[in-house]
Amino acid sequence: MALACQVDSYRKTFDGTVVSVEPCPDHADKVLVELDDTVLFPEGGGQPDDHGTLGGKVVDSVQKASGRVLHRVAASIDDFAVGGKVAVEVDWSRRFDHMQQHSGQHLFTAITDREYKYPTVSWYLGAETSYLDLGTKKATNEELYRVQDLVNDAIRDRKAMTPKLVERDSPELASVRSKGMPDGTEPVRVVTIDGIDSNMCCGTHVSNLSDLQVFQVLYSEVVKAITRVHFVVGNRATSLMRKMIDRERALTKILAVAPTEHAAFVERQKKTLKQQVKSGKTHLKELGKLLGEQAKKSGAAHLHVHRPDGDSDFVGTFVPAAESDTMLLCVTAGAKEGPFNISGPMTLIEAVADDICKLIDGRGAIKGTRYLGKAGNLKKQGKIGAILKKAVEDAQAQDSSAAVVPAAAAEQPPAADPPA
């Protein structure tokens, strides 16, 4: 049996009788309501479900299960009485949008098959754009745009689009496009575009192609063995055009060049930026080497250097120029995260590595004569210097202690020779 929404897809309201009410297993604050008929389309045929209201309560999902159409309603079981009447209203903006996209897909599919014998193997109705998959990798842009022109010609010709029920044993079904007979014994629903196509379909559609307004191919891409064609129809196309115009006007104001010059201008700026970035990296490496040499000449026992605008290249040039066998050095780079390097006596590197890693959320390992790592949070990098200082002072204290000879031992006279 066809639902009220399938008999007349333009119908916005309906008074239904409640057949059952049950708790929603996935949402404690919602219930599942079944009616004797409905103006809300349940998800199917590649088309998302309708939204709307039942008795003023919000319906956010309509699904078909085992022949039942269940409306998920933000309400309690007490809000509905079995056998009672309830007013059903569809979210017309959502419904009409789905009608435009689905009917547009039918039309594009039919003309593509007619002109090039490219079958549509699947399609997807998205929230902002949709796509259909052609069973070929050979479809060219020229072919797709030609089909688009023929689709828009049919829209201007105001072709009728009509649903009807056909008995399963009717010879009429031999010329109907389908992916196979649906389950069941009831008549099948066939949607016909006058003079263009007949297709088995359960979805909601426009009654006249003029309601599609316009069909626009956005772009195509080859995915494995198919050509995926992205498109918009009707109100989506005009809405997208408004957004594109607004973006174009904004870019024209920012770039200060005519819209026809946008692409060339941006390309020139990209090349300039690439050159500047390359030059900046070179200068940063040179600066790293210079500062490293100055740090080495300072003769400091410990040193922490942080460069917010630095990177691995800066660290990689600073450390070799600055490191020595006696200086404990840590170099960090980056505004929030980035590379770090610890060099110096290995015993001191091992003494500070864990503390530094904890401080800057770092991870790394000793490689050769250095500790190389990546800092995840450089917010506290300013405390690294204190860690280095303490490690050096502790090491110096230990060295001093080991070098002192106990006074008692120094004053003890030599042992006398044993008596003969």
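Residues numbered from 1 in each chain as written. Predicted model: local features only at pLDDT ≥ 70, side-chain atom pairs only at ≥ 80, totals over all residues. Heavy atoms only, no water.

Draft legend 1. Region of interest: the pattern of salt bridges. Taken as a whole, this structure holds 19 salt bridges when the rule is applied. Counted as one network, the salt bridges with shared partners bring together Glu 22, Glu 34 and Arg 68. (Salt bridge = Lys/Arg side-chain N within 4 Å of Asp/Glu carboxyl O.)

Draft legend 2. Layout of the environment of Ala 127. Looking at the secondary structure, you find Ala 127 in the loop between strand E7 (120–125) and strand E8 (130–134). Here the alpha-carbon distance between Ala 127 and Leu 329, two residues 202 residues apart in the chain, equals 55 Å. (Helix = DSSP H or I, 4+ residues; strand = E, 2+ residues; numbered from the N terminus.)

Draft legend 3. Molecular detail of the confidence of the model for the protein chain. Averaged over the protein chain, the pLDDT score is 93; the fraction of residues at 70 or greater is 96%. In this model residues 407–412 is a low-confidence stretch, pLDDT under 50, and it forms 0 contacts with partners more than four residues away in sequence or in other chains. (pLDDT = per-residue confidence, 0-100. Contact = heavy atoms within 4.5 Å.)

Draft legend 4. Layout of the sheet that holds strand E6 (residues 85–90). Taking strand neighbours around the barrel as the criterion, the 6 strands line up as E1-E2-E5-E4-E3-E6 in a closed arrangement whose pairing is antiparallel. Each strand of the sheet is rotated relative to its neighbour by a mean of 45°, with strand direction disregarded. Bridge analysis of strand E1 (residues 13–24) against E6 gives 5 bridges, and the strand direction is antiparallel. Bridge pairing links Gly 16 to Val 86 in E6. (Pairing = 2+ DSSP bridges. Axes fitted to C-alpha atoms, helices over the stretch in contact; angles between N-to-C directions.)

Draft legend 5. Quick peek at the sheet that holds strand E14 (residues 302–307). Spatial strand order, E14-E15-E16-E18-E17: 5 strands in an open sheet with mixed pairing. Looking at the sheet topology across the chains shown, the edges are occupied by E14 and strand E17 (362–367). When the angles between neighbouring strand axes are averaged without regard to direction, this sheet yields 15°. One ladder, built from 4 bridges, connects strand E15 (residues 328–333) with strand E16 (residues 338–343); its direction is antiparallel. In the strand pairing of E16, Val 331 is matched with Asn 341.

Draft legend 6. Seen up close, the pairing of E15. Counted residue by residue, E15 has 6 buried out of 6 residues, so it is predominantly covered. Every second residue of E15 is oriented toward a common face, with Leu 328, Cys 330 and Thr 332 on one face and Leu 329, Val 331 and Ala 333 on the other, all of them buried. Read as a crossover between parallel neighbours, the route from E14 over helix H6 (residues 312–322) to E15 is right-handed. (Buried < 20%, exposed > 50% of the residue type's maximum accessible area, 1.4 Å probe, protein only. Right-handed = clockwise from strand over helix to strand, strands pointing away.)

Draft legend 7. Seen up close, the nonpolar core. If you look at the biggest cluster of nonpolar residues, it comprises 28 residues, and the most contacted ones within it are Leu 107, Phe 108, Val 151 and Phe 215. Of all the elements in the fold, those that place two or more residues in this core are helix H2 (92–116), E7, E8, helix H3 (141–156), strand E10 (188–193), strand E12 (215–223) and strand E13 (226–233). Among the nonpolar cores identified, the runner-up in size contains 22 residues, and Val 21, Val 33, Leu 54 and Phe 80 belong to it. (Core = buried A, V, L, I, M, F, W, Y, C linked by side-chain atoms within 4.5 Å.)

Draft legend 8. Seen up close, the layout of surface pockets. Volume-wise, the largest pocket comes out at about 1,200 Å³. In this structure, the largest pocket is lined by 46 residues; those nearest its centre are Gly 45, Pro 182, Met 200, Cys 201 and Cys 202. For the lining of the largest pocket, the secondary-structure elements that each account for two or more residues are strand E2 (27–35), strand E5 (68–73), H2, E7, E10 and strand E11 (197–200). When grouped by side-chain class, the residues that make up the lining of the largest pocket number 17 nonpolar, 16 polar and 13 charged. (1 Å grid on protein atoms, 1.4 Å probe; cavity = no way out; pocket = protein on both sides within 12 Å on 5 of 7 lines; lining within 4 Å. Points joined across faces, edges and corners; volume = space filled by probe spheres on them. Nonpolar A, V, L, I, M, F, W, Y, C, P; charged D, E, K, R; others polar.)

Draft legend 9. Just the environment of Asp 37, in detail. Tracing the chain through its elements places Asp 37 in the loop between E2 and strand E3 (52–54). With relative accessibility at 16%, the residue Asp 37 sits in the buried group. Placed 15 residues apart in sequence, Asp 37 and Gly 52 show a C-alpha to C-alpha distance of 15 Å. Beyond its immediate sequence surroundings of up to four residues, Asp 37 is in contact with Leu 3, Ala 4 and Phe 14.

Draft legend 10. Quick look at the side chain of Thr 109. With respect to the helices and strands, Thr 109 occurs in helix H2. Sequence-distant contacts of Thr 109, defined by excluding residues within four places in its chain, comprise Thr 120, Leu 132 and Arg 177.

Draft legend 11. Layout of helix H5 (residues 262–298). For H5, which comprises 37 residues, the first-to-last C-alpha distance of 52 Å matches the rise-based estimate of 54 Å (1.5 Å per residue) to within 8%. When we look at burial in H5, the residues that qualify are His 262, Phe 265, Leu 284, Gly 288, Gly 292 and Ala 295. Elements that come into contact with the buried residues of H5 comprise helix H4 (235–255), E14 and H6. Where H5 ends, the next residue or the one after it, Gly 299, has phi of about 70°, a positive value. (Expected span 1.5 Å × (residues − 1).)

Draft legend 12. Fine view of the packing of H4 against H5. With their axes 11 Å apart at the nearest point, H4 and H5 run at an angle of 50° to one another. It follows that H4 is oblique to H5 by the angle criterion. The handedness of the crossing between H4 and H5 is left-handed. Across the interface between the two elements, Glu 248, Leu 251, Thr 252 and Leu 255 from H4 touch His 262, Phe 265 and Val 266 from H5. (Parallel < 35°, antiparallel > 145°, perpendicular 65-115°, else oblique. Left-handed = near helix turned anticlockwise from the far one by under 90°.)

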